[in-house]
Every structure is written in structure tokens, then in C-alpha cells.
Amino acid sequence: MIGLEKVNGEHSLIMLVYNIKRTINILGVPDLIAKIKAWNSPYKTKDLFLIKTTYLNLFIGFIFFETPQNKFKNSIV
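Residues numbered from 1 in each chain as written. Predicted model: local features only at pLDDT ≥ 70, side-chain atom pairs only at ≥ 80, totals over all residues. Heavy atoms only, no water.

All right, on to the overall build of the protein chain then. Secondary structure assignment for the protein chain yields four helices and zero strands. Ordered by position from the N terminus, the helices and strands of the protein chain form the series α-α-α-α. Across the 77 residues that make up the protein chain, the buried fraction comes to 4%. About 7400 Å² of surface is accessible on the protein chain, with carbon and sulfur atoms providing 69% of the total. (Helix = DSSP H or I, 4+ residues; strand = E, 2+ residues; numbered from the N terminus. Buried < 20%, exposed > 50% of the residue type's maximum accessible area, 1.4 Å probe, protein only. Areas by Shrake-Rupley, 256 points an atom, 1.4 Å probe, with all protein chains shown as cover.)

Rendered as C-alpha cells:
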């Protein structure tokens with residue numbers, strides 16, 4: 001990888017994997033999975049909300065703004 005931003009991203013991934021492996025060695029896989037499932041992160045609900053609204057907006061846009069010409073183009077592709 002070239003560039004400081006890419007190197008920082010690669011380093012962050014390496015540290016994440018290191019910490020996950022360390023946690024698995026300390027807790028074990030079943031306990032880690034149980035703790036992740038029981039974890040109440042404020043980001044989970046925000047991400048789910050964003051995913052739902054984005055999908056809904058795309059779906060509504062597809063339904064209401066699709067013209068007969070677009071239907072024909074979409075069926076060919």
C-alpha cells in the first residue's frame with residue numbers, strides 16, 4: 001500500500017485482528033460471541049436506521065419514478 005492514509009488503514013486492521021485474537025485467547029469463542037450479542041451499542045440502532053431509510057428511499061424512488069422507457073432498459077440489462 002502506498003500513502004499514509006492507506007498505511008494507517010492497514011495498521012488499524014492489523015491491530016483489530018490482534019485484539020480479536022487476544023480476546024478469543026482470553027475469553028474463548030462462545031463467551032466472546034455471547035458478549036457481542038449482549039452488547040448494547042448506540043451505533044447499532046443508528047446504523048440499522050440508516051440502512052432501512054436508505055433502502056426505503058431507493059425502493060420508493062424505483063417504484064414511483066420508473067418510466068416505461070426505464071422498465072425497458074432495466075429488462076434488457
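Here helix 1 (residues 4-27) crosses helix 2 (residues 29-38) at 115°, and the two axes come no closer than 7 Å. In terms of their interaxial angle, helix 1 and helix 2 are classed as roughly perpendicular. Counted together, Thr23, Ile24 and Leu27 of helix 1 and Val29, Asp31, Leu32 and Lys35 of helix 2 form the full contact between these two elements. Class assignment for the residues of the contact of helix 1 with helix 2 results in four nonpolar, one polar and two charged. (Axes fitted to C-alpha atoms, helices over the stretch in contact; angles between N-to-C directions. Parallel < 35°, antiparallel > 145°, perpendicular 65-115°, else oblique. Contact = heavy atoms within 4.5 Å. Nonpolar A, V, L, I, M, F, W, Y, C, P; charged D, E, K, R; others polar.)

A contiguous nonpolar patch, built from Leu13, Leu16, Ile20, Ile24, Val29 and Ile33 and spanning about 510 Å² of accessible area, is present on the exposed surface. At the level of elements, helix 1 and helix 2 are the ones that each hand at least two residues to the nonpolar patch. In terms of residue count, the dominant contributor to the nonpolar patch is helix 1 (four residues). Among the structural elements, Ile20 can be located in helix 1. (Patch = residues over 30% accessible without salt bridge, like charges linked within 9 Å, V, L, I, M, F, W, Y side chains within 5 Å. Salt bridge = Lys/Arg side-chain N within 4 Å of Asp/Glu carboxyl O.)

Here helix 1 spans 34 Å end to end across 24 residues, near enough to the 34 Å set by a 1.5 Å rise per residue. Two residues or fewer after helix 1 comes Gly28, characterised by a positive phi angle close to 95°. (Expected span 1.5 Å × (residues − 1).)

Here the focus is the confidence of the model for the protein chain. Per-residue confidence for the protein chain gives a mean pLDDT of 75, with 56% of residues at or over 70. Of all helices and strands in the protein chain, the one with the weakest mean pLDDT is helix 4 (residues 68-76) (52), whereas helix 1 scores best (91). (pLDDT = per-residue confidence, 0-100.)

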